[in-house]
Amino acid sequence: PRTIAVSPEASLVLTRNGLVETLHLRTAGRDDRLDEVNASLSNVAFPKPTPIDHLDALGRPTRSWLFLPTDRGVGEALGLIVQVYPGATESGYWSGPLTLTYGIRAEVLAGAGFAVLSPSIPADASAPENGDFYLESVDLAVDAVLATFPALPKDRMAVIGHSFGGLTALEIASRTNRYRAFVASSAPTDAFGFWGEFDTATRIQPEDGVRMRNQQGWAEVGQGHLGGSPWECPQAYIDFSPYFAAERITAPTMLITADLDYVPMSQAERVFSVLYREGRKARIVTYWGEHHQLWSPANIRDRYHQIMEWLSLTLPDPAFGGLL
C-alpha cells in the first residue's frame, strides 16, 4: 500500500493487485473503497529485474538491472536494449500508474520480447560530464551483463534514452559502433540553443512572464551545470552538446519530440538535419499537443509502436516478422 495523504482523522491509501489499483479512505475502524481502475487486470504481472553487480567507470562497486524477456528464453531475445539515464536506474520499483504510462518502460519492452538493461551511470560530483565517460559506464554494464548471460544477442543491441538520457544516448552514438540502433526522446542536443530559446509556456502565455530560469538555469547550474552563460564558457557548451558531434553518428537513429515540450522541438530537428545532410539512416517523430512526457493513451501506444518498428528495421532478426 502507498499512503497518498494523511490527516489526524484519516488516510488516503492506494493498494495494488497486478494492474488493479484501488483507492481507500481509511479511518478508525473503517476502510472505504473510493475508486478502482483496471479491475480486470489483476492477473498481469511485471517481470522482475535481475541485479547485475560490477564496477562503475570510477572503479566503485555498483549495480545495474536487467529485465529479461517474458515470453522467450534468454537466447531468443529480440535484442538487448540499453536504457540510459545518468544517476538513475530502473529497478522495477512500483511508482504508480502515472509513471508507468508516461515513461518508456523497461517492463513493456521486456514484455515485447527484448532484454532490457538499465545501466548504472554515475552522475555525482566526482564523475566527469562528457560522452566518453557515459560510453565507458554503459560498456562496463553491458560487459557485465554479457558475462552473466552470454546467450544474449550481443550483435543486436540498441540504446534508448529520454530527456537527459536522450542526450546520453546521442553522446554514445557519436563515439561507438558497438550498438546497432539508437532512440533519443526529448533530448537536449544544443546547449546554446537550449539556453536562449523560449520554452512553450513563455511563447504561448507571455502575459505570465518570461521563464528564463527554466532554460538558462538548467544549462548553467542545473543538470547541465556548465558554469556560466554561452559567452562566458563557449567551449563547455560545445563539449556538452551532441549536436556538435552528430556528424560522427553512423548507426540508425530515431528522434522523438513534441511541440509543447520544454525541450524545444528544434533540439531534435538540429540533430536530424545533420544526419539528413550526412546521408544517415534517421527518423524524426513529432507528437503535436504533447509535452515532455506523453499523456494521450493513443500517443503512448503509438510511441511504443514507433520504437518497435524502428528496432525491427535496424536490429535484423527473422523473429521480428510477427512483432508488429
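Our subject is the structure that appears above.
Residues numbered from 1 in each chain as written. Predicted model: local features only at pLDDT ≥ 70, side-chain atom pairs only at ≥ 80, totals over all residues. Heavy atoms only, no water.

A few words on the overall build of the protein chain. Looking only at helices and strands, the protein chain features ten helices and twelve strands. A compact globule built from 324 residues should have a C-alpha radius of gyration of about 20 Å, and the protein chain, at 21 Å, falls within 12% of that. Along the first, second and third principal axes, the C-alpha atoms of the protein chain reach 65 × 55 × 40 Å. Burial statistics for the protein chain: of 324 residues in total, 50% are counted as buried. A sequence separation of at least 24 residues applies to 64% of the contacts in the protein chain between residues at least 6 apart. Element-wise, carbon and sulfur atoms account for 54% of the exposed surface of the protein chain, whose accessible area totals about 15,100 Å². Side-chain charges of the protein chain comprise 26 positive and 37 negative groups, with the mean position of each set lying 5 Å from the other. (Helix = DSSP H or I, 4+ residues; strand = E, 2+ residues; numbered from the N terminus. Rg over C-alpha atoms; globule rule 2.2 N^0.38 Å. Buried < 20%, exposed > 50% of the residue type's maximum accessible area, 1.4 Å probe, protein only. Contact = heavy atoms within 4.5 Å. Areas by Shrake-Rupley, 256 points an atom, 1.4 Å probe, with all protein chains shown as cover. Lys, Arg positive; Asp, Glu negative; His and termini not counted. Charge placed at Lys NZ, Arg CZ, Asp CG, Glu CD.)

With that settled, consider the packing of helix H3 (residues 131–148) against helix H4 (residues 164–173). In contact at an axis separation of 9 Å, H3 and H4 are set at 90° when each is read in the N-to-C sense. The pairing of H3 with H4 is recorded here as roughly perpendicular in orientation. Here Gly 131, Tyr 134, Leu 135 and Val 138 of H3 come into contact with H4, specifically with Phe 164, Leu 167, Thr 168, Glu 171 and Ile 172. Per-class residue counts for the contact of H3 with H4 are six nonpolar, two polar and one charged. (Axes fitted to C-alpha atoms, helices over the stretch in contact; angles between N-to-C directions. Parallel < 35°, antiparallel > 145°, perpendicular 65-115°, else oblique. Nonpolar A, V, L, I, M, F, W, Y, C, P; charged D, E, K, R; others polar.)

The next thing to look at is empty space enclosed by the protein. Using the criterion set out here, one finds one cavity of 30 Å³ or more in the structure. Counted as a void, the largest cavity has a volume near 40 Å³. A class-by-class count of the residues in the lining of the largest cavity yields three nonpolar, six polar and one charged. (1 Å grid on protein atoms, 1.4 Å probe; cavity = no way out; pocket = protein on both sides within 12 Å on 5 of 7 lines; lining within 4 Å. Points joined across faces, edges and corners; volume = space filled by probe spheres on them.)

To continue, consider helix H9 (residues 265–277). Between its terminal C-alpha atoms H9 stretches 18 Å, which fits the 18 Å expected from 13 residues at 1.5 Å a residue. Along H9, the residues that are buried comprise Met 265, Ser 266, Gln 267, Ala 268, Val 271, Val 274 and Leu 275. Those residues of H9 that are buried lie in contact with H4, helix H5 (191–196), strand S11 (253–258) and strand S12 (282–287). Count one or two residues on from H9 and you reach Gly 279, which has phi positive near 75°. (Expected span 1.5 Å × (residues − 1).)

Attention now goes to unusual backbone geometry. Here the phi dihedral of Ser 186 falls at roughly 50°; this positive angle occurs in a residue that is not glycine. Structurally, Ser 186 can be placed in the loop between strand S10 (181–185) and H5. Phi at His 225 is positive, roughly 30°, even though this residue is not glycine. Its place among the elements puts His 225 in the loop between helix H7 (212–220) and helix H8 (234–240). Assessed through its relative accessible area of 42%, His 225 is described here as partly exposed.

The quantities given are spatial measurements derived from coordinates; they are silent on function.
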